[in-house]
Amino acid sequence: MSNLPLFDKQKDFASYFDPTADIILYNGDTNELIDNIPDNYVKLIITSPPYNLGKAYENQVSIEKYLETQAQTISKLYRILRSDGSICWQVGNFVQDGEVFPLDIYYYRIFKELGLFLRNRIIWHFGHGLHTSKRFSGRYETILWFTKSNEYTFNLDSVRIPSKYPGKRHYKGPNKGKPSGNPKGKNPSDVWDILAKEWEECFWEIPNVKSNHPEKTNHPCQFPVELVERCVLALTNENDWVFDPYAGVGSSTIAAIKHNRRAIGSEQETEYVKITHERLNSFFNGTLKLRPLGKPVHKPTGKEKVAQLPPEWKEATQQRLLEKKENYE
Ligand SMILES: C[S@@+](CC[C@H](N)C(=O)[O-])C[C@H]1O[C@@H](n2cnc3c(N)ncnc32)[C@H](O)[C@@H]1O
């Protein structure tokens, strides 16, 4: 086992599979690491796999070839998943010549053929992004949450969010007059709108937008830690193993460690593994900036300059509104 200078005092670290470690970070092909992990071992596998978009870290291949390779890795992941465990697979679209291939639809079959059970298809919604001109602008990605069996961990109370109308009461029936909600908050639902504007912009890599999200690193598409935290809290218990096979800059590792889980990650790019080490060191010495779990998404008040109609558009806009009104009359 090799230790890192700052966090060796707090957690045991290994760069290969070691069952006595708290954090395992493998710099190499995920399949090599998976082959060393015992059967039924990991409670939660959570990842955002390469999307075959030709990013710096991937060679673009045909969609068929891409899915075939992914299916091989997923069947290995199935072997190491605990029978009460979950897989959360976060994907967007593969786009070729303007045609959209919804990756989660392709992935669904792969997981289903292994006998996994879909519990939620979570919509991760972005308020901002690139504007397309030949189709509607894409504003969400999905997380497929599968379990290996019908006996699985789901700690709803750990991830409840404040309800909008806590004062609502039953208006009929035996509980008439009593509060109808849950004092611990409401179920966060399967549409997650948990991101700040700055994050959305950096995720979509809008040119010339200098992202100021507190967690942004050099990685072109990292997870917000907050997104993983919700899955970690709901789907695992303390000391369970959380594994991100495509770990990037370690967002899942940080989310797991923050909540006293044990973390495994594999990442092929040495640069990203180094950033993970730096982020973990900052986390342990209390300097890592994280967007707090559950912080409300920024909503413009309408008074900001960017929320105002540009003066040169005013006349045309008023004209359009007038035309619309006439069409309805
Ligand atoms: C979409 S990114 C994941 C980012 C990650 N969620 C984060 O928050 O940083 C996918 C990552 O998978 C890595 N990767 C691709 N193929 C891999 C393989 N066969 N083994 C290990 N890592 C791989 C890429 O280098 C890339 O960093």
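Quick caveat, the model's predicted, so the values are computed rather than measured.

**Some points on the overall build of the protein**
Then comes step 1: Counting its regular elements, the protein contains 8 helices and 11 strands.
Then comes step 2: By the burial criterion, 32% of the 329 residues in the protein qualify as buried.
Then comes step 3: Counting contacts in the protein only where the partners sit at least 6 residues apart, residues at least 24 apart contribute 65% of the total.

**Re the sheet that holds strand E11 (residues 262-267)**
Then comes step 1: Taken together, the 9 strands give an open sheet; going across it, the order is E1-E2-E11-E10-E3-E4-E8-E7-E9, and neighbouring strands pair in mixed fashion. Strand pairing shows two members of the sheet lacking a second neighbour, strand E1 (13-14) and strand E9 (191-192), which therefore form its edges.
Then comes step 2: Relative to strand E2 (residues 23-27), E1 runs parallel, the two sharing 2 bridges. Bridging from a neighbouring strand, Phe13 pairs with Ile23 of E2.

**Points about unusual backbone geometry**
Then comes step 1: With a phi angle near 50 degrees, Asp97 is a residue other than glycine that sits in the positive phi range.
Then comes step 2: Residue class for Asp97 comes out exposed when judged on the 4 C-beta atoms lying within 10 Å of it.
Then comes step 3: Of note in this structure, Asn260 is not a glycine but carries a positive phi near 60 degrees.
Then comes step 4: Here Asn260 is to be found in the loop between helix H6 (251-258) and E11.
Then comes step 5: Assessed through the 13 C-beta atoms surrounding it within 10 Å, Asn260 is described here as partly exposed.

Conventions we followed
- Residues numbered from 1 in each chain as written.
- Predicted model: local features only at pLDDT ≥ 70, side-chain atom pairs only at ≥ 80, totals over all residues.
- Helix = DSSP H or I, 4+ residues; strand = E, 2+ residues; numbered from the N terminus.
- Buried ≥ 20, exposed ≤ 12 C-beta atoms within 10 Å, placed from the backbone.
- Contact = placed C-beta atoms within 7 Å.
- Pairing = 2+ DSSP bridges.

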